Amino acid sequence: MDVPSPTSQASTSASVAAYDVEAVNSASHRDLYQKREPIYPKLVHGRFRLLKWSVLVVTLGIYYLLPWVRWPRGAGEPDQAVLVDFSGSRFYFFFIEIWPSELYYVTGLLILAALGLFLATALFGRVWCGYTCPQTVWTDLFIAVERLIEGDRNKRIKLANSPWSREKILKKAAKHGLWLLIAAATGGAWIFYFHDAPTVFPQVFQGTAPVSAYIFLGVLTFTTYSLAGTMREQVCTYMCPWPRIQAALTDDETLQVTYRHVRGEPRGAHKKGESWEGRGDCVDCRACIAACPMGIDIRDGAQLECINCALCIDACDDIMRKVGRPTGLIAYDTDNNLMRAKRGEKRRLNIFRPRTALYAFVLAFVAALMVFGLSSRSTFEVNVLRDRTPPFVLLSDGSVRNRYTVKIVNKDNAVRNFTVAVRGEMDLELSAVGVPSNGRSVTVPVNGDAIRSLRVFLTKSPNQSVAGKVPLVVHVTDQETGVTSDNETVFLTGAR
Amino acid sequence: MAAPNNETGEEETTGHEWDGIRELNNPLPRWWLIIFYATIVWAVVYWIFMPAWPGITGYTKGLRNHSERENVAVALQQLESSRVEFAQRLLAAPSLRAIESDPDLLQYARAAGESLFGDNCATCHGVGGQGFVGYPNLVDDEWIWGGTLDDIQTTLRVGRRSDHPETTYTEMLAYGQDGLLTPAEVNDLTDYVLSLSGQLHDPEARARAEEVYQTQCVSCHGVDGTGDREQGAPNLTDAIWLYGGERSAIWETLWYGRAGVMPSFEGRLSEDQIAALAVYVHTLGGGED
C-alpha cells in the first residue's frame, strides 16, 4: 500500500508503513518453471530519477532528430548530416565521408565505444544498463506511458486485477495504441538514417518507399513494442549477454548501487518516536522493491538482474528523510567500502587502479590514432596492383616489361587531374593504355567521386644490367593540391 | 528438474517406465512452444502463397505464382539488355581506337574482353595472355600477323590457317623431313638463323648456309631476317621465339616445319564481342598503334 504522507515535514521522525510488494525476481522467490510475474514499478522522485529523465530526453532526442539535421555538401551530394547510403556505398557523418574501403574508421569507432564501456563499467558499474541502454530508455518511456494512462503502481495493480470493463478496455487500448505509435516512430526514425529523411518520410505514407524501409519499419516496430512493452526486464535477465560480461569488468573498487547492510541491519519496522539504538536504519518499508523495474530486492546484495538504475536510491532516500535518518542507506558504493565500514575504517574511493589505467590508456591511444587518421586523411586514394600473369614480359629488343593496374580513387566531388610517375633505383619507361605518355609520367583526369583504373606499363631497357626483384615507388600527385601518394611495389627483371 | 506435483509432491511423469527409468513430464519453455507453433502457422501460410505440394502431373503453384526458373530467366534478360547499350556503343564506335580513348567504353571492353578471353583464349594463350611454346605470347611487342587493333580483330575474325574462307595458309615448310634440304644444309642453316639474333654460332657453317638462306628463306623472312607480317613470317632477329630460340628448337623448326592454327571466331562470337576482345588483347601490353 502507499506511504501515508508524513504528518509534518519538520518532524524529525515519522513512522512509515511497509509496501505490499514481493521481489518477484529475487533468487529465493523464483522457480525454474514459472510464468513471468508482472512488475509495477512505482514512480519515485529524486536526483537519479531526474538524471534518468534527462538522459532519456537527450538520447531519444538525438535518435529522432539527428536524421533531420542538414549539412550542405555541394551539388550531387546528399545534404543529410548523418546518412548510411547503401546504394551509393558511402557513409556520411557531418564533415566526414567514408568510402567502403575505409570501413576501418567504423571499426575504430566500435573499438572506442567498447573501451569506453569497459572504462565506465570498471569505474561506475552498470551505468550503461541503468541509464543509456536502448532497452532501458525505451522501457522507461513505455512505463511512463503506462503510468500516464493507468496511473501509478497501486492503480495499475487494481486495474490488472479488476474484471473487464469498458474503462479497462479503453485504458488498455489507449496504452497499447500509444506503445505501437512510439514503436512505429522508432522503426520509422531508423530508416531515416539510410535514406534522405525529407524524401522518404512522405514516401512511407504514400507506399512508394523502398521495400527494405517497410521491412525495417516492421521489424523495429515489432521489437520495440515487444521488448520495451511486454518483455521488459526479461530481456536484461534472460536475453542479454552483457550482464554476464560486465561481471568480469567490475571489481571490489567499482561503484555500484549498494545496500549498506552494516548501517541498515538489523532491519525492522520502526514506530515514530522509538529509539534507533541497537537496530539498523532499514525500516523494512520495501520502498526500494516497489520502485525496482527489475523486480528484485537490492538488500540481497549485488545480483545479475540489477541494472544499476539507482531508482531504489531515490526511493530509500525519500524514506530516510521522512524517518529523519541520514540518506544514503542505499547508495553508489564499492564492495571494499562495505568491508571498511564493517571494520570501522573511513570510506574512500580508489579510482586509479591498474584496470582503469589500462582501459584509459588504450582508449586514449585508439582515440589519438583515429584523430590522426581522420585529420591526415587525403581526398584521394591509390592502389597499385602488379600483374602476376605473366610476372614479366620479354620484349623483342630484349627489354623487360612489368604491368600494373593503378586505381585512383577521387573522393573529391570535382574532376581532378592526377600525375602518375615512378621512383626507384632503375630507369624505367612509363606508359599507360589510352593515355599519351612522355615516357616518364602520365596525367589523367579522374571524375569526382569516382574510381579510375589505369593500365600502366614499366619497361626496363636491355642495357641496364639489373637482376632480381627491384623495389620501386609509384608516385601519384594531385595536380590541384600537390598532395602526393607513394605506393611501394616491385619490378621483376626476370634475370637472376 | 521436474516441477513437483502440487498434490502428491512427487515429480510428474508421463507414466512411461523402462527398466526403472521414468520419463519425466517436463514442460517445454514457453518461448520455444510459441516459436514452434509459429513455424507451423508459417508453413501453412507458405503452402497457400508459394509452390509447395507435388502432384501427379504438376505441383501446387501458390497464390504468388512464384517461379525461381522464371526469376533466373528475367534476371538473364535484364543482364542481356543492360549489355545491349554498351554492345551498341561498341559497334557504333567509328574505330576500335575510338573505343580505347573513351574511358567508359574502354573499361567495359576490357571487362567484357577479360571474361571472353578466359572462356575462349586462355586455354592456348594462357590466363594472362603470356602464351606457351607454339602459342604466341600476346603481351609482348612481337606480332606474327601484326599487332594493331585492326590486325588483332582480323586474326580473331578469320583465324590463321583456319577453316574460314578469308584466312591465310602460309606455313613453314618441313625442309628436312620432306627432303627439300640435306641434313648438312639444315645444320648449317641452323647456325645462320642463330647468327641473325646475335646468338653463339659457327661462322663457317653460317657462311656455307648463306646461299641456301638467300634461295629458300628470303621470300618470307626477308634478306635481313626481319620477317614479313603479310605472310606471317616471324622476325628472326629479335629475342622472341614462338617455338624456342635455342639451337635444338631452331633445328626442329627447320626439319619438321611449323603451321600453328588459330581458329576463326567469326560466328562463334558476336561482332561486339570480337571488338571487345580485340581491345582487351591490344591493351594487354603489346598493342601497336
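Residues numbered from 1 in each chain as written. Chains lettered and ligands numbered in written order. Predicted model: local features only at pLDDT ≥ 70, side-chain atom pairs only at ≥ 80, totals over all residues. Heavy atoms only, no water.

Caption draft 1: Examining the overall build of chain B more closely. A count of helices and strands for chain B gives 10 helices and two strands. Put simply, chain B runs from its N terminus to its C terminus through helices and strands in the order β-β-α-α-α-α-α-α-α-α-α-α. Taken across its 289 residues, chain B has 35% of its residues classed as buried. Relative to all contacts within chain B whose residues are 6 or more apart in sequence, the contacts with residues 24 or more apart total 53%. Carbon and sulfur atoms form 56% of the exposed surface of chain B, whose accessible area is close to 17400 Å². (Helix = DSSP H or I, 4+ residues; strand = E, 2+ residues; numbered from the N terminus. Buried < 20%, exposed > 50% of the residue type's maximum accessible area, 1.4 Å probe, protein only. Contact = heavy atoms within 4.5 Å. Areas by Shrake-Rupley, 256 points an atom, 1.4 Å probe, with all protein chains shown as cover.)

Caption draft 2: How the structure looks around the nonpolar core. Counting 47 residues, the largest nonpolar core has V257(A), I298(A), I319(A), I330(A) and Y332(A) as the members making the most contacts within it. Within the residue set of this core, elements represented by two or more residues are α1 (47–65), α2 (104–124), α3 (127–132), α10 (242–249), β4 (256–259), α12 (287–291), α13 (311–323) and β5 (330–333) of chain A. Counting residues per element, this core draws most heavily on α13(A), which supplies eight residues. Within the second largest apolar cluster, 35 residues are counted, among which are L395(A), V433(A), L90(B) and A122(B). (Core = buried A, V, L, I, M, F, W, Y, C linked by side-chain atoms within 4.5 Å.)

Caption draft 3: Broad picture of the packing of helix α7 (residues 183–196) of chain B against helix α9 (residues 247–256) of chain B. Residues and elements named next belong to chain B. Running from amino to carboxyl end, α7 crosses α9 at an angle of 130°, the nearest separation of the two axes being 9 Å. As judged from the angle between their axes, α7 and α9 are oblique. The way α7 lies across α9 gives a crossing that is right-handed. Along the contact surface, α7 presents P183, V186, N187, L189, T190, D191, V193 and L194, while α9 presents R247, I250, W251, L254 and W255. Classifying every residue of the contact of α7 with α9 gives nine nonpolar, two polar and two charged. (Axes fitted to C-alpha atoms, helices over the stretch in contact; angles between N-to-C directions. Parallel < 35°, antiparallel > 145°, perpendicular 65-115°, else oblique. Left-handed = near helix turned anticlockwise from the far one by under 90°. Nonpolar A, V, L, I, M, F, W, Y, C, P; charged D, E, K, R; others polar.)

Caption draft 4: Molecular detail of the side chain of H282(B). Residue and element names in this part refer to chain B. Relative to the assigned elements, H282 resides in helix α10 (residues 271–282). Within polar-contact distance, the side chain of H282 engages the backbone oxygen of E288 at 2.8 Å. Leave out the neighbours within four places in its chain, and H282 touches R97, E100, G147, T148, L149, I152, G287 and E288. (Polar contact = N/O pair within 3.5 Å; in protein donor to acceptor, adjacent residues only side chain to side chain.)

Caption draft 5: Summary view of the confidence of the model for chain A. All names here are of chain A. Mean pLDDT over chain A works out to 88, with 97% of the residues at or above the 70 mark. Across chain A, α1 holds the top mean pLDDT of 95, while strand β3 (residues 96–98) sits lowest at 84. Segment residues 1–13 is flagged for pLDDT under 50; beyond a separation of four residues in sequence, or across chains, it makes 20 contacts in the model. (pLDDT = per-residue confidence, 0-100.)

Caption draft 6: Region of the structure containing the interface of chain B and chain A. On the side of chain A, 17 residues touch chain B, which itself brings 22 residues to the contact. For the pairing of chain B and chain A, the buried interface totals around 1600 Å² over both sides, and the portion due to carbon and sulfur atoms is 60%. At the boundary of chain B with chain A, the tally comes to zero salt bridges. Our enumeration of links across chain B and chain A arrives at six residue pairs in polar contact (both at pLDDT 80 or more). Ranked by residue count, the leading element in the side of chain B that touches chain A is helix α4 (residues 103–120) of chain B, at three residues. Considered class by class, the residues forming the side of chain B that touches chain A number eight nonpolar, seven polar and seven charged. (Buried area = accessible area lost by both parts, 1.4 Å probe. Salt bridge = Lys/Arg side-chain N within 4 Å of Asp/Glu carboxyl O.)

Caption draft 7: Quick peek at the packing of aromatic side chains. Inspection of the entire model under this criterion finds 27 aromatic pairs over all chains. Residues W68(A) and F201(A) carry aromatic rings whose centres are separated by 5.7 Å and whose planes lie at 80° to one another, so their mutual orientation is edge-to-face. Of this pair, W68(A) sits in the loop between α1 and β1 (82–85) while F201(A) sits in helix α7 (residues 197–206), and the two are 133 residues apart along the sequence. Its relative accessible area of 35% is what places W68(A) among the partly exposed residues. Judged by centre distance (5.2 Å) and plane angle (15°), the ring pair of W251(B) and W255(B) falls under stacked. With W251(B) and W255(B) both in helix α9 and four residues apart, the pair spans about one turn of that helix. Among the aromatic residues, ring-to-ring pairing joins Y63(A), Y64(A), W138(A) and Y193(A) into one connected group. (Phe/Tyr/Trp six-rings, centres within 6.5 Å; stacked < 30°, edge-to-face > 60°.)

Caption draft 8: Fine view of the environment of L180(B). Residue and element names in this part refer to chain B. Structurally, the position occupied by L180 is in the loop between α6 (149–158) and α7. For L180, a relative accessible area of 43% puts it in the partly exposed group. Once the C-alpha coordinates of L180 and W255 are considered, the two residues, 75 residues apart in sequence, prove to be 9.4 Å apart. Excluding residues that lie within four positions of it along the chain, L180 makes contacts with L173, A174 and Y175.

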